[in-house]
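For reference, the chains in residue letters:
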Amino acid sequence: MKFIVDEAGEIIAQATDDHTLIGGHHRLAVAASLGKRLFWRDTGEPVRLDNFFKHYGSSLRHTA
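Computed from a predicted structure; not experimentally measured.

Could you clarify how one ought to interpret the pattern of salt bridges in this entry?
A side chain of one charge can pair with a side chain of the opposite charge when the charged atoms of the two come close. Counted under the stated rule, the structure contains three salt bridges. With its nearest N and O atoms 3.7 Å apart, the salt bridge here joins Asp6 to Lys36. Note that Asp6 is positioned in strand β1 (residues 2-6) and Lys36 in the loop between α1 (25-33) and β4 (38-40), a separation of 30 residues in sequence. What makes Asp6 buried here is its relative accessible area of 7%.

It is not clear to me how unusual backbone geometry should be interpreted in this structure. Could you clarify?
Excluding glycine, residues mostly carry a negative phi; peptide bonds, for their part, are mostly trans. A positive phi angle is found at His19, which is not glycine, with a value near 70°. As for its placement among the helices and strands, His19 is situated in the loop between β2 (11-15) and β3 (20-23). When its relative accessible area of 24% is taken as the criterion, His19 is described as partly exposed.

So, how was this worked out
For every chain, the first residue of the written sequence is number 1, and numbering continues from 1 along that sequence. Local features in a predicted model are, by the rule used here, given only for residues with pLDDT of at least 70; side-chain atom pairs are given and counted only at 80 or more, and totals for whole chains, interfaces and linings are based on all residues. Side-chain measures were taken over the full set of non-hydrogen atoms in the model, leaving aside hydrogen atoms and water. By salt bridge we mean one thing: a side-chain nitrogen of Lys or Arg within 4 Å of a carboxyl oxygen of Asp or Glu. The secondary structure listing takes helices from DSSP runs of H or I that are at least 4 residues long and strands from runs of E that are at least 2 residues long, numbered from the N terminus. Whether a residue is buried, partly exposed or exposed follows from its accessible area with a 1.4 Å probe, protein chains only, as a fraction of its type maximum: under 20%, in between, or over 50%, in that order.

See the structure below:
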């Protein structure tokens, strides 16, 4: 499991190791709409939300 955190270190969403989003869809969307910078907790790398929003609505499971 991997976690997506904001700049303050608060967990925003949870994903599998292959970056399939499994929890926190709404919190992720809200954080993105507020312009928050999001990071992978384990590596500190920025999270690219392009893939998540490009496929939004196509299924219940999304890639972050």
